[in-house]
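Structural overview for review
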Amino acid sequence: MSKRPSLVFVSPRFLFPTDEGGKIRTTQILRGMKGGRFHITLMSPATPEQTARHREEIEAVCDRFIAWPARTGGPLHKITRLRHLLSFKPFSVAAGVNPVARRRVREQLQQGAQIAVFDFIHAATLAPIHSLCPTVMFTHNVEAEIFRRHAEVAGHPLKRYVWRGQHRKMARFEARELPRFDTVVAVSERDAEAFRAMPRNRRVAAIPTGVDLDFFAYLPPGDGDHLIFTGAMDWQANIDGIRFFMDEVWPLLVQRRPGVRMTVVGRRPHPELVEQAARRNLPWTFTGFVDDIRPHVYGGAAYVIPLRVGGGTRIKAYEAMAMGLPVVSTGLGVEGLPLTDGEQFLQADTPEAMAQALDRLLSDSALRLRLSQAARRHVEDHCSSLAVARCFEDICLRTMNGQG
């Protein structure tokens, strides 16, 4: 039996493949903590097939893995999930309520865990009502803020109504659930301040956003008019951002640079976007899921983050910067990251400004190289994934010992 303190890490979803920001952030932290000051038990849903397929990746992030049965979606899965819109809980929380998982977590904590970490606010439904050990809630976003922003950009009145209702439910849920945990961990000081403003929260700590600097090695940007975006394309915020870029920015950019082309790297691209690109004969490539984004990113001339909705911080920005791609982003796309417009990236919040910034960047190789090198220096100085893992480990240790 390990003499290290026992840490139970509860994830409401299986973490592999690491094909979206939250999974990447969590697995980087766990990988950096593995073999450190805690004996780590990871708990999550998983099928036997998933566990077998990703065994090496699982072993790289924890000392022990405990799964509860993963729910599989049948033909009526999407229809039956609609009933969660009527719940008093937010839709995304109600859909994840799982009595079997909650019982498994309680049983594991009763075996002498010295600290438990719950990943995402949705995992609050898996935490025992009465604490069995010190607890940490790892928040990747201010979730209510995301719902509010969806309501602000929704075009259809019914969609605005639904998103506003979800915003109110999530705001109540966060305010009620977060104080149950001894420490709330945020991914930026901006998010931490939002949580500190909520009544009754005990301790709130912030960690920086990290990136694996060895994996995402630096290469100078390419010279062609090739734009890159990476992100899970079944996530609503990315769908909205790419739709905004395709419909409102792209026509303005093509007027300036007729030879420009776009690659969207990410799982399950929305059929409507793929069909629209084909119908308009746009020089766009949707890769779908890839095991490694790097071959699709290296050689690009610029990286675009056209997001209008989101929360927390975007790991995609730091990954692009580490790989040497100069970034053009909305302010929201780099929100919470300590970046300066004109030094490590170019900010553009309107279609006209984004088209102009991309044209300027693609036209000026010296500017591309300057931004590329400055961005890499920034992530090297501030964003090592190992340093972030050590920061998270320190927070867990202080929480376990009852320290602020």
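Above this text sits the structure in question.
These lines cover the structure that appears in this document, whether it is placed above or below. (Residues numbered from 1 in each chain as written. Predicted model: local features only at pLDDT ≥ 70, side-chain atom pairs only at ≥ 80, totals over all residues. Heavy atoms only, no water.)

**A closer look at the pattern of salt bridges**
Counted by the stated rule, this structure contains 30 salt bridges. With its nearest N and O atoms 3.1 Å apart, the salt bridge here joins Arg 37 to Glu 393. Highlighted residues: Arg 37 in the loop between α1 (21-33) and β2 (39-45) and Glu 393 in helix α16 (residues 385-400), separated in sequence by 356 residues. Overall, the relative accessible area of 35% leaves Arg 37 in the partly exposed class. With relative accessibility at 2%, the residue Glu 393 sits in the buried group. A salt bridge links Arg 37 to Asp 394; the nearest nitrogen and oxygen atoms lie 2.2 Å apart. Of this pair, Arg 37 sits in the loop between α1 and β2 while Asp 394 sits in helix α16; the two residues are 357 residues apart in sequence, bridging distant segments of the chain. Each of Arg 13, Asp 19, Glu 20, Lys 23, Asp 234, Arg 267 and Arg 268 takes part in salt bridges that share partners, so that together they form one network. (Salt bridge = Lys/Arg side-chain N within 4 Å of Asp/Glu carboxyl O. Helix = DSSP H or I, 4+ residues; strand = E, 2+ residues; numbered from the N terminus. Buried < 20%, exposed > 50% of the residue type's maximum accessible area, 1.4 Å probe, protein only.)

**Section: the sheet that holds strand β6 (residues 183-186)**
Taking strand neighbours across the sheet as the criterion, the 7 strands line up as β3-β2-β1-β4-β5-β6-β7 in an open arrangement whose pairing is parallel. Of all the strands in the sheet, the pair left with one neighbour each is β3 (64-68) and β7 (203-206). Ignoring which end each strand starts from, the neighbouring axes of this sheet average 20 degrees apart. Bridge count for β6 against β7 is 4 bridges, and the pairing is parallel. By the bridge assignment, Val 185 is partnered in β7 with Ala 205. On the sheet, helix α6 (residues 99-109) packs against β1 (6-10), β2, β3 and β4 (115-119) and is oriented at approximately 150 degrees with respect to β3. Set on the sheet, helix α9 (residues 189-196) makes contact with β6 and β7; between it and β7 the angle comes to about 170 degrees. (Pairing = 2+ DSSP bridges. Axes fitted to C-alpha atoms, helices over the stretch in contact; angles between N-to-C directions. Contact = heavy atoms within 4.5 Å.)

**Overview of the nonpolar core**
Within the largest apolar cluster, 33 residues are counted, with the highest numbers of intra-cluster contacts made by Leu 227, Phe 245, Trp 250, Met 262, Trp 284 and Leu 358. Secondary-structure elements contributing two or more residues to this core are β8 (226-230), α10 (236-256), β9 (261-265), α11 (271-279), β10 (284-286), β11 (302-305), α14 (351-363) and α15 (365-382). If you tally residues by element for this core, the top one is α10, at 8 residues. For Phe 245, the residues in contact, after removing those within four places along its chain, are Leu 227, Trp 250, Met 262, Trp 284, Val 304, Pro 306, Met 354 and Leu 358. Formed by 32 residues, the second largest nonpolar core is a distinct cluster that contains Ala 123, Ala 127, Met 137 and Val 204. (Core = buried A, V, L, I, M, F, W, Y, C linked by side-chain atoms within 4.5 Å.)

**Focus: empty space enclosed by the protein**
The final tally for this structure, using the stated rule, is 1 cavity of 30 Å³ or more. In this structure, the largest cavity encloses a volume near 40 Å³. When contributions to the lining of the largest cavity are tallied by element, the ones reaching two or more residues are α1 and α16. Element by element, the count of residues in the lining of the largest cavity is highest for α1, at 3 residues. Considered class by class, the residues forming the lining of the largest cavity number 3 nonpolar, 4 polar and 1 charged. (1 Å grid on protein atoms, 1.4 Å probe; cavity = no way out; pocket = protein on both sides within 12 Å on 5 of 7 lines; lining within 4 Å. Points joined across faces, edges and corners; volume = space filled by probe spheres on them. Nonpolar A, V, L, I, M, F, W, Y, C, P; charged D, E, K, R; others polar.)

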